[in-house]
Amino acid sequence: MSAALKIDQFSLMEDGECDARITAAKAILGKRLAILGHHYQRNEVFKHADYTGDSLKLSQLAADSDAEYIVFCGVHFMAEVADILTFGKRSVILPDLAAGCSMADMANLVKVRKCWDEISTLLDPDEHVTPVTYINSAADLKAFCGSHGGIVCTSSNARAVLEWSFARREKVLFFPDQHLGRNTGLKMGLSLEQMVTWDFMKPRGGLSDEQIRNAKIILWKGFCSVHQMFQPAHIDNFRKLNPNGLVISHPENSYEVCQKSDFVGSTEYILRTVRGSQPGTHWLIGTELNLVNRLADEMKPKGVTVQFMSPTVCMCSTMFRTDPQHLAWCLDNLVAGNVVNRIRVPEAIAEPARKALNLMLEVVD
């Protein structure tokens, strides 16, 4: 083992040199290494991934992998899930520790505990409320759910998770993304009035006692900044120009956008639906730009047109942080025997978080 290489040695490196170093490091490390690439990653990084997919799929691949080193090209909560599901037996590495998630940051343990305590002044939440956290959240919030009879969900299984939750308790506290919770509740037949929004910046969420007592779902006032860029007017303009066009949106979009869409579903659902469409189909897609651009390139030879919903470029700034320079730095350090940026979730948090994650996998199995 030699002294760890500094990121400063790579920060000004040309992408071409980074590509060469990444390729060489992968050849040296061989099966000891697995690079995971989330769908939202920039192409310069995504092309180096051994496995691609959404966050849960990639974490499950990490758990099934025999690789010693798991380099997760994604954001912090994804690497945490991979570490939890591998029981800390792999070195899970996040190339840039600044790659987080603004939505996940909108709900933290202090705020959620305060919410739980304030609800307890009206009713016993451990008897009446199931806490459900979107997988896009910190490990300690997954642990909170695991410790209070709760569960984790993804955008693809949110309905099954909510059905499971309501079979046990009459209310759900859903965080951190209000839109996924609201759009899923509507699909289940709940009314907007049965779903109230907890504003964590206000005492008691800004809600009256009656609103809390009557609510079926208490939605945390969180959101994805990328998906908030999409507006109903974008869909209206598309339909004027393309009367036969189809609109597909991620459920992190607003209620108004999802109501105007022909299809609503997870990233994997969007990919599967568009890939299965007939030549001549024209799609408007409301989700992250890197994924849409790659899908457009893939479908063009098949005669399918794919269009990004917003006229404004809408990157996820935290996803975009992982660049070839950080990936090359991590891999060159591994070749030199140095593990940098390893993500370690303390077992006191990992154990209840794992409980909530495994419960989700059982529910949707």
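Residues numbered from 1 in each chain as written. Predicted model: local features only at pLDDT ≥ 70, side-chain atom pairs only at ≥ 80, totals over all residues. Heavy atoms only, no water.

1. Some words on the sheet that holds strand S11 (residues 263–264)
Strand pairing within a sheet occurs via backbone hydrogen bonds; the two strands may be parallel or antiparallel. What counts is decided by this rule: Strand pairing is assigned whenever DSSP identifies at least 2 bridges connecting the two strands. Runs of E in the DSSP output that reach at least two residues are strands. Runs of H or I that reach at least four are helices, and both are numbered from the N terminus. It only takes one pair of heavy atoms within 4.5 Å for two residues to be counted as in contact. Axes here mean lines fitted to C-alpha atoms, for a helix over just the part in contact, with angles spanning 0 to 180 degrees between N-to-C directions.
Read from one edge of the open sheet, 4 strands run S11-S10-S12-S13, paired in parallel fashion. Taken across any chain shown, the strands that pair with only one partner, and hence form the sheet edges, are S11 and strand S13 (305–308). Two strands pair when backbone bridges link them, and strand S10 (residues 246–249) and strand S12 (residues 282–286) are joined in this way by 4 bridges, in the parallel orientation. Paired with Val247 across the bridge in S12 is Leu284. On top of the sheet, helix H12 (residues 232–241) reaches S10, S12 and S13; it is set at about 175° to S12, its chief contact. This element, helix H15 (residues 289–299), spans S12 and S13 of the sheet and lies at about 165° to S13.

2. A look at the packing of helix H14 (residues 267–275) against H15
We apply this condition: When describing relative orientation, an angle under 35 degrees is termed roughly parallel and one over 145 degrees roughly antiparallel, while 65 to 115 degrees is termed roughly perpendicular and anything else oblique. Rotating anticlockwise by less than a right angle from the far helix to the near helix defines a left-handed crossing, while the corresponding clockwise rotation defines a right-handed one.
It is the contact of H14 with H15, at a shortest axis distance of 11 Å, that shows an interaxial angle of 20°. When the axes of H14 and H15 are compared, the pair comes out roughly parallel. Where H14 crosses over H15, the handedness of that crossing is right-handed. On the side of H14, the interface is formed by Thr267, Leu271, Val274 and Arg275, while H15 contributes Leu291, Leu295, Glu298 and Met299.

3. What to know about the pattern of salt bridges
Filter applied, for reference: By salt bridge we mean one thing: a side-chain nitrogen of Lys or Arg within 4 Å of a carboxyl oxygen of Asp or Glu. Partly exposed describes any residue whose relative accessible area lies between the buried limit of under 20% and the exposed limit of over 50%, with all areas from a 1.4 Å probe on protein chains only and scaled to the type maximum.
Evaluated as defined, the whole model comprises 14 salt bridges. The residue Asp209 makes a salt bridge to Arg204 at a minimum N-O spacing of 2.3 Å. Note on Asp209: relative accessible area 31%, which makes it partly exposed. You can call Arg204 partly exposed: its relative accessible area is 23%.

4. A closer look at the pairing of strand S3 (residues 69–73)
Filter applied, for reference: Seen with the strands pointing away from the viewer, any crossover whose path from the first strand over the helix to the second strand runs clockwise is right-handed.
In terms of residue burial, S3 counts as a mostly covered element, since 5 of its 5 residues are buried. The side-chain alternation of S3 yields two buried faces, one formed by Tyr69, Val71 and Cys73 and the other by Ile70 and Phe72. Bridge count for strand S1 (residues 33–38) against S3 is 5 bridges, and the pairing is parallel. Along S3, the bridge assignment pairs Ala34 with Ile70. Summarising the sheet, S3 and strand S4 (residues 91–93) pair through 3 bridges and their orientation is parallel. Bridge assignment links Ile70 to a residue of S4, and that residue is Val92. In this view, the connection linking S3 to its parallel neighbour S4 by way of helix H4 (residues 76–85) has right-handed handedness.

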